[in-house]
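# Working through the structure, step by step
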Amino acid sequence: MEFVIKGGCLYPAAQPEGGPPLARIKNTLCGGERHILGPGGALALRAVIQADPSGQARQYLLLRPDGTPAAIARPGYAPGEDPASQGWPVSHLPRTDHADLVLQGEACVLEMLNSQNYELRSAAGSCLVQVLHRGLLGGWDLRCKVHLPPEELCGLLVFCLYLFAQVVLVSVSQTERLKNAALFMIGFLPRTLAAGAVL
């Protein structure tokens, strides 16, 4: 089965944007929480990031309206990046490249192949779902080898975006962050202040 997510809406690949969406991802006003709405617009799931019960790491949760988890994912470190065995690096935070996921009671691994392509694999290693960015067309292609409800497919994309955001936050060097901050202060901020003064 193939699906397309465009503009936060999930459609069958055979009819992209040709009718009502099967499910929809809605951003909240602030923070990382996302609401996943069913076909009628009713809240089906909430995607949130929380500290895991040990308080040592983060976990991603898909919560049903009654608060029970539909899926739980724990991000994992890339090879050679685990602070437990390598120690904490001085120049950056450890990089993550996968999340151990429990979905419909089954253990899976959500693996980031690169910044735009992801795979959900079973514990045995077989590919269950591919999430592929559509490039200049925008949106995402989902190729499913198992049946998942539309709302859970949207939740899977949100988990992919959480994983990507964690990589972006931790893999940029301090030098690069300082350079970007300087470019913002030199280039963008004065123009914004000047435009504000004129208006």
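A brief look at the structure comes next. The shown structure was predicted, so the numbers you read here are calculated from the model rather than taken from an experiment. (Residues numbered from 1 in each chain as written. Predicted model: local features only at pLDDT ≥ 70, side-chain atom pairs only at ≥ 80, totals over all residues. Heavy atoms only, no water.)

Turning to unusual backbone geometry, a few remarks are in order. Positive phi is not limited to glycine here, since Q104 has a value of about 55°. Its location among the elements puts Q104 in the loop between β8 (96–103) and β9 (106–114). (Helix = DSSP H or I, 4+ residues; strand = E, 2+ residues; numbered from the N terminus.)

Ordered by their spatial adjacency, 12 strands build a closed barrel running β1-β2-β3-β4-β5-β6-β7-β8-β9-β10-β11-β12, and the pairing between neighbours is antiparallel. Neighbouring strand axes in the sheet, compared pairwise and without regard to direction, differ in orientation by 20° on average. (Pairing = 2+ DSSP bridges. Axes fitted to C-alpha atoms, helices over the stretch in contact; angles between N-to-C directions.)

Within the secondary structure, H133 is located in strand β11 (residues 127–133). Under the relative-accessibility criterion, H133 is labelled partly exposed at 26%. In the structure, H133 is positioned 17 residues away from Q116 in sequence and 5.3 Å away in space, judged by C-alpha atoms. Aside from chain neighbours lying at most four places away, what touches H133 is Q116, N117, G139 and W140. Separated by 2.9 Å, the side chain of H133 and the backbone nitrogen of G135 make a polar contact. (Buried < 20%, exposed > 50% of the residue type's maximum accessible area, 1.4 Å probe, protein only. Contact = heavy atoms within 4.5 Å. Polar contact = N/O pair within 3.5 Å; in protein donor to acceptor, adjacent residues only side chain to side chain.)

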